[in-house]
Amino acid sequence: MLLSVDDLAVAYRTSRGDARAVDGARLDLPQGALLGLVGESGCGKTTLARAIMGVLPRNGSVRRGRIVFDGIDLLSLPPERRRALLWRDIAFIPQSAMNSLDPVYTLRAQLREVLCGRGGLSRGAADDRAEELFAAVGLDAARLAHYPHQFSGGMRQRAAIALALALKPRLIIADEPVTALDVIVQRQVLNTFQDLSRDLQLSAIVVTHDVSVVAFLCDLTAVMYAGKVVEYGATRDVLRAPAHPYTMGLMQAFPDLDRDAETLVSIEGAPPSLLDPPPGCRFAPRCSLAEAACRTADPPPLGDAHWAACIRA
Amino acid sequence: MPPAETVALAAPRGLAWRRLPSLAIVKPYATVGIAIYLVFALIALFAGRIAPYDPLEILFAPDGQLAASLPPSAQHLLGTTNLGRDIFSQLVLGARPSLAVGITAAIGVASIGTIVGLLSGYFGGLIDTILMRLADVVVGIPFLPFVIVLAVLLHPSLTNIVLSVALLLWPNAARVIRSQVLTLRQRQFVEAARMSAASELRILLIHVAPNVLPLSFLYASIAVGWAILTEASVSFLGFGSADTISWGYMLQDAYASQALSRGQYIWFVPPGICIVLVVLAGFLVSRGYEELLFPKLKD
Amino acid sequence: MTHVLRRLVLMLLVLWAIASILFLMFRLMPGDPTTAYIDPTFTAEQRQVVLHQFGLDLPLWRQYAIYIGNLLHGELGLSFRYRAPVAGLILNVLPNTLLLTLTALVIAYIFGALGGALLAMKRGTWVEAVTIPLVLATRAAPEFWLGMLLLAVFAFAFGWFPSGGAVTAGAAFPSALARVTSADFAHHLVLPAATLAIYLQGLPLLLMRANMLEVMQEEFITMARMKGFGEWSIMLRHAARNALLPLVTAFALGFGASVGGNVVVETVFSWPGIGRMLVDAVASSDYPLAQGAFLLIAAVLVVMNAVADMLYGVLDPRVAHAAG
């Protein structure tokens, strides 16, 4: 396994108590695989992604669990050692490249910063590599001289991908990489990303709320609900034969690639408060298949190739 | 002295001024500011009873000698000036002109700024162009030199200082209020009032004006400090009102009496501290108030 | 480009408006502006000669036309008091004012930028709770009072610095340049520059702090952390670099404003600058000189306001490209 997350819990201190954004999450990513981490907004998927990067907001902290990358437990590494892994081994593609690119530097400068500052390349070598990267993500090299605001949304997202690929990381975490784009551009950027992942044999976690992105891109799927990964397995298996009632609902709530968006059916009710989650299975209050036992017992995420945290599974 | 307090152009939360009473409780800085204001307001109000002497009276010792340059004592809490005047009495009575100048100038700045901002933003077109170009011109007039020249040309008095402060400091308030009015105009309740054929003046006064009042108050609170500093500077330069004892006058008197070379700190340190406290109080209040209006600025 | 042109046209219009306001202010005031300088024993004829010499016997509109025409040639008239061209008198003291202002501003903005950045990083600590009221107090203190304190302590009590003037009285220098680069000049500059700098640093400091706090919330700062850069390098290269932009504009605005605002500091330290010249001219009813000094101060202010606007466009790539 390239990356294993086990029993991870991340909480934010708020004025009304701790919000347990991630609470006992588990997932595994083999070398060379693309894993889709899918769930509704607020389910903790972005927090999980940031926890893997080790960059949480000031009020957030990891409370327990393990994040093992290539045999190293990231959480027990001293901060300096952990920082050394960032971008060289684990890179990040943000949701909105508009805000995540520094507005006062050209893209060449921002690539150079990473290539020289973290990759140890000379200026000349960095500039060559920058052109190579831009070509790889389908951007004109002349664009390197431009500032982020001169790019269109799709181009910025491509530039963000180029930045992430700069140091040939072994793992890429992409947080809603195409959400901010319109449908046509989404498709183009996804195609580029798919080609790159095949050519470069990328290992990546793609965080998204959109099942169709997962279906299109990912080998593996992890479904997250209220801070937990509730189902995990090969995308084919999870989408065709979902084992968790929440995944079943999610499949109905999101149109697949061929179906029309208007057939969208949402799951009734709302996710539980993360400040004071109910005992037992967190999906039980919304689950049409829930039994009495569901309200007391919280089924652990057990299994290998395809598992679901549900007593029915 | 540029009126360069920068205020973000974000729209304030609706009717934030209702929360005005909570200002003192929520923002500790503002609490301190309001407390300082209250103390000085009380001093100014009862100055006649607090001050043991007439501040302009030249005092004599029992032996007939001029009671000049006396050190602090039970009789003269802060000693006497070069001419034998009681410093403590001057300090107490000096609170009056300072506060009066600060408050009237603040009202002037806020009134002009609000009216110009409302007219400019609401009616737009030629009125807007003229008023905003006028604001450009006023911003180009050097502040203190203008106040000095006007004070001399119109003859030195507190009224003229207030007048020149009000004449020069309104553009910042007007510009911000104008842009606030521009966004308000797009809002539904103003649109609705238009549809119901309410008169323009009525819409302006009933629907728009109340929503920019918090900004007017913010700029008024900023202007208090500027006006007090201006009065002090003008008095210090010798263009102040001759028959009013203000803190600026005391500083000028001390400077002219060679307080610095004679090491008479008691002549110029207390009035300076009073100015700092009152102006600081204004800054603290306006900062707290600004944070209340624009919660985004909160750290 | 049209943006720059429009800004320049506006600048000229504002200058013209201020020159006109000033003309009216001085001419429409009650009393004859020459009374202060004409000996009461003058005969009516002698008085007429003097009035004619200053062009004061012409109708108002002719005077205005001549005034504007002269301004366009950089001609500011004759000082009543010195009987010398105003332009020359002003140019003589202008370098003193510019040097004082620039020295103070540079110190204030370097200190303010660093202090503001550090304060932003210390947010929520006792350092912040103590420093902010202190900084506000420096902004609340009258400049001349700060100057008086420094003078009383460092010039009179300790005797470390001279108490006034720009050079020691009677000192001779081979050239103007030698004068302003001399150790004597620098020695005289310390206290007035320090006074101004203490007064001026508050604005850049608070501005820098507010900007930093805002920028530190930005996603690209989080991204820089994810890229594995150290905290200091992020603060410098990204947070401070972005937060500095508005400070450059504020510097230009501050320069324009403090040339006129120096009036009190120059007076306290008897600094032979344009502000003190204005005060003296006003006090002694030397209207041409007062008018000339006022105009020059206004011109610096108006030009710097325009520069600040345009600088913002140059420095911020977002604005620069949006404008053309």
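Predicted, not measured: the structure shown is a model, and the values here were computed from it.

### Some thoughts on the overall build of chain B
No. 1: When you go through chain B residue by residue, the secondary structure sums to 11 helices and 0 strands.
No. 2: Across chain B, helices and strands are ordered from the amino to the carboxyl terminus as α-α-α-α-α-α-α-α-α-α-α.
No. 3: Scored against the burial criterion, the 299 residues of chain B give a buried share of 54%.
No. 4: Residue pairs at least 24 apart in sequence account for 74% of intrachain contacts in chain B once pairs closer than 6 positions are excluded.
No. 5: Per element, the accessible surface of chain B, about 12,600 Å² overall, is 67% carbon and sulfur.

### Things to note about the interface of chain C and chain A
No. 1: Counting from both sides, the interface comprises 19 residues of chain C and, opposite them, 24 residues of chain A.
No. 2: Taken over both partners, the interface formed by chain C and chain A buries close to 2,300 Å², and the fraction arising from carbon and sulfur atoms is 62%.
No. 3: Taken together, the links from chain C to chain A amount to 2 salt bridges.
No. 4: In this structure, C:Arg237 engages A:Glu113 in a salt bridge whose closest nitrogen and oxygen atoms are separated by 2.9 Å.
No. 5: Applying the counting criterion to the chain C and chain A interface returns 9 residue pairs in polar contact (both at pLDDT 80 or more).

### A short note on the packing of helix H6 (residues 143-154) of chain B against helix H9 (residues 200-236) of chain B
Residues and elements named next belong to chain B.
No. 1: Relative to each other, H6 and H9 sit at 60°, their axes nearing to 10 Å. By the angle between their directions, the pair H6 and H9 is classed as oblique. Judged by the twist between their axes, the crossing of H6 over H9 is right-handed. Here Phe143, Leu144 and Val147 of H6 lie close against H9, whose contacting residues are Thr230, Ser233 and Val234.
No. 2: Classifying every residue of the contact of H6 with H9 gives 4 nonpolar, 2 polar and no charged.

### Side note on a nonpolar patch on the surface
No. 1: Taken together, the side chains of B:Leu42, B:Leu45, B:Phe46 and B:Ile50 make up a nonpolar region of the molecular surface, amounting to roughly 380 Å² of accessible area.
No. 2: Turning to its location among the elements, B:Phe46 is positioned in the loop between helix H2 (28-45) and helix H3 (47-50).

### Concerning the confidence of the model for chain B
Residues and elements named next belong to chain B.
No. 1: Residues of chain B with pLDDT of at least 70 account for 83%, and the chain-wide mean is 79.
No. 2: By mean pLDDT, the top-scoring element of chain B is helix H5 (residues 125-139) (90), and the lowest-scoring one is helix H1 (residues 23-26) (54).
No. 3: Scored below 50 in pLDDT, residues 1-17 shows 48 contacts in the model against residues more than four places distant or in partner chains.

### As for the packing of H9(B) against helix H11 (residues 265-293) of chain B
All names here are of chain B.
No. 1: Packing of H9 against H11 leaves a shortest axis separation of 9 Å and a crossing angle of 165°. Overall, the two elements H9 and H11 adopt an arrangement that is roughly antiparallel. In this structure, the crossing between H9 and H11 has a hand that is left-handed. When H9 is examined against H11, the residues Pro214, Leu215, Phe217, Leu218, Ser221, Ile222, Gly225, Ile228, Leu229 and Ala232 are found in contact with a partner set consisting of Ile275, Val278, Val279, Gly282, Ser286, Tyr289, Glu290 and Leu293.
No. 2: By residue class, the composition of the contact of H9 with H11 is 13 nonpolar, 4 polar and 1 charged.

### Notes on the packing of aromatic side chains
What characterises a pair of aromatic rings is the spacing of the ring centres plus the angle enclosed by the ring planes.
No. 1: Inspection of the entire model under this criterion finds 17 aromatic pairs over all chains.
No. 2: Taking 5.6 Å as the distance between ring centres and 25° as the angle between the ring planes, the aromatic pair formed by A:Tyr232 and A:Trp307 counts as stacked. Of the two residues, A:Tyr232 is situated in strand S10 (residues 228-234) and A:Trp307 in strand S11 (residues 307-308); the sequence distance between them amounts to 75 residues.
No. 3: Looking at A:Trp307, the relative accessible area reads 2%, which means it is buried.
No. 4: With a centroid separation of 5.0 Å and an interplanar angle of 35°, the aromatic rings of C:Phe23 and C:Tyr67 are classed as tilted.

### A word on the nonpolar core
No. 1: Formed by 285 residues in total, the largest nonpolar core has its most connected members in A:Leu27, A:Trp87, A:Ile205 and C:Met212.
No. 2: Examining the composition of this core, we find that 19 residues originate from one element, H9(B), more than from any other.
No. 3: In this structure A:Ile205 touches A:Leu3, A:Leu27, A:Leu29, A:Leu35, A:Leu37, A:Ile52, A:Leu171, A:Ile172, A:Ile173 and A:Ala174, once residues within four positions along its chain are discounted.

### Quick word on the sheet that holds strand S2 (residues 17-29) of chain A
All names here are of chain A.
No. 1: If you walk across this open sheet you meet the 4 strands as S2-S1-S4-S5, and the pairing is antiparallel. Across the chains shown, the open sheet's two edge strands, defined by having one partner strand only, are S2 and strand S5 (72-73).
No. 2: Bridge analysis of strand S1 (residues 3-14) against strand S4 (residues 60-69) gives 8 bridges, and the strand direction is antiparallel. Residue Val10 lies in a different strand from S4, and its bridge partner there is Val62.

### Considering the pairing of S4(A)
Side-chain direction in a regular strand flips from residue to residue, so the side chains alternate between the two faces of the sheet.
All names here are of chain A.
No. 1: One ladder, built from 2 bridges, connects S4 with S5; its direction is antiparallel. Bridged to Val68 within S5 is Asp73.
No. 2: Between S4 and S5, which pair antiparallel in sequence order, lie 2 residues; one of them, Asp70, sits at a positive phi of approximately 50°.

### Some words on the sheet that holds strand S3 (residues 34-38) of chain A
All names here are of chain A.
No. 1: As summarised here, the arrangement of the 7 strands in space is S6-S7-S8-S3-S9-S10-S11, forming an open sheet in which the pairing is mixed. Looking along the sheet, the strands with just one partner apiece sit at the ends: strand S6 (90-93) and S11.
No. 2: Where strand S7 (residues 171-175) meets strand S8 (residues 204-208), 4 bridges bridge the pair, whose relative direction is parallel. Paired with Ile173 across the two strands is Ile205, which belongs to S8.

### Overview of the pattern of salt bridges
No. 1: Summed over all chains, the structure comprises 21 salt bridges over all chains.
No. 2: Between A:Arg64 and A:Asp23 there is a salt bridge, and its shortest N-O distance comes to 3.5 Å. On the criterion of sequence distance, the pair formed by A:Arg64 in strand S4 and A:Asp23 in strand S2 is long-range, its members being 41 residues apart.
No. 3: Given the relative accessible area of 4%, A:Asp23 is considered buried.
No. 4: Residue B:Arg175 is joined to B:Asp136 by a salt bridge in which the shortest nitrogen-to-oxygen separation is 2.7 Å.

### Observations concerning the pairing of S3(A)
All names here are of chain A.
No. 1: With 5 of 5 residues buried, S3 lies mostly within the body of the structure.
No. 2: What you see with S3 is no split at all: Leu34, Gly36 and Val38 on one side and Leu35 and Leu37 on the other are buried throughout.
No. 3: Judged from the 5 bridges that link them, S3 and S8 form a sheet pairing that is parallel. If you follow Leu35 over to S8, its bridge partner there is Ile205.
No. 4: Alignment of S3 against strand S9 (residues 220-225), held across 4 bridges, turns out to be parallel. Counted as the bridge partner of Gly36 is Thr221 from S9.

### As for unusual backbone geometry
Residues and elements named next belong to chain A.
No. 1: One non-glycine residue, Trp87, lies in the positive phi region at around 70°.
No. 2: Structurally, Trp87 can be placed in the loop between helix H2 (79-85) and S6.
No. 3: Given a relative accessible area of 0%, Trp87 falls into the buried group.
No. 4: In this structure, Glu176 is a non-glycine residue whose phi angle is positive, near 45°.
No. 5: Counting through the fold element by element, Glu176 comes out in the loop between S7 and helix H7 (183-200).

### Digging into the interface of chain C and chain B
No. 1: Taken together, the contact pairs 53 residues of chain C with 46 residues of chain B.
No. 2: Both faces combined, the contact of chain C with chain B buries some 4,300 Å², and carbon together with sulfur accounts for 80% of it.
No. 3: It is C:Phe144, C:Trp145 and C:Met148 in chain C that bury the most area against chain B; as a group they hold 14% of the surface buried on that side.
No. 4: Scanning the region where chain C abuts chain B turns up 0 salt bridges.
No. 5: Summed over the shared surface of chain C and chain B, the result is 3 residue pairs in polar contact (both at pLDDT 80 or more).
No. 6: Of all elements in the fold, only helix H1 (2-27), helix H5 (126-140), helix H6 (143-157), helix H9 (202-216), helix H11 (231-261), helix H12 (263-268), helix H13 (274-283) and helix H14 (287-315) of chain C reach the threshold of two or more residues within the side of chain C that touches chain B.
No. 7: Ranked by residues supplied to the side of chain C that touches chain B, first place goes to H6(C) with 10 residues.

Parameters and conventions
- Residues numbered from 1 in each chain as written.
- Chains lettered and ligands numbered in written order.
- Predicted model: local features only at pLDDT ≥ 70, side-chain atom pairs only at ≥ 80, totals over all residues.
- Heavy atoms only, no water.
- Helix = DSSP H or I, 4+ residues; strand = E, 2+ residues; numbered from the N terminus.
- Buried < 20%, exposed > 50% of the residue type's maximum accessible area, 1.4 Å probe, protein only.
- Contact = heavy atoms within 4.5 Å.
- Areas by Shrake-Rupley, 256 points an atom, 1.4 Å probe, with all protein chains shown as cover.
- Buried area = accessible area lost by both parts, 1.4 Å probe.
- Salt bridge = Lys/Arg side-chain N within 4 Å of Asp/Glu carboxyl O.
- Polar contact = N/O pair within 3.5 Å; in protein donor to acceptor, adjacent residues only side chain to side chain.
- Axes fitted to C-alpha atoms, helices over the stretch in contact; angles between N-to-C directions.
- Parallel < 35°, antiparallel > 145°, perpendicular 65-115°, else oblique.
- Left-handed = near helix turned anticlockwise from the far one by under 90°.
- Nonpolar A, V, L, I, M, F, W, Y, C, P; charged D, E, K, R; others polar.
- Patch = residues over 30% accessible without salt bridge, like charges linked within 9 Å, V, L, I, M, F, W, Y side chains within 5 Å.
- pLDDT = per-residue confidence, 0-100.
- Phe/Tyr/Trp six-rings, centres within 6.5 Å; stacked < 30°, edge-to-face > 60°.
- Core = buried A, V, L, I, M, F, W, Y, C linked by side-chain atoms within 4.5 Å.
- Pairing = 2+ DSSP bridges.

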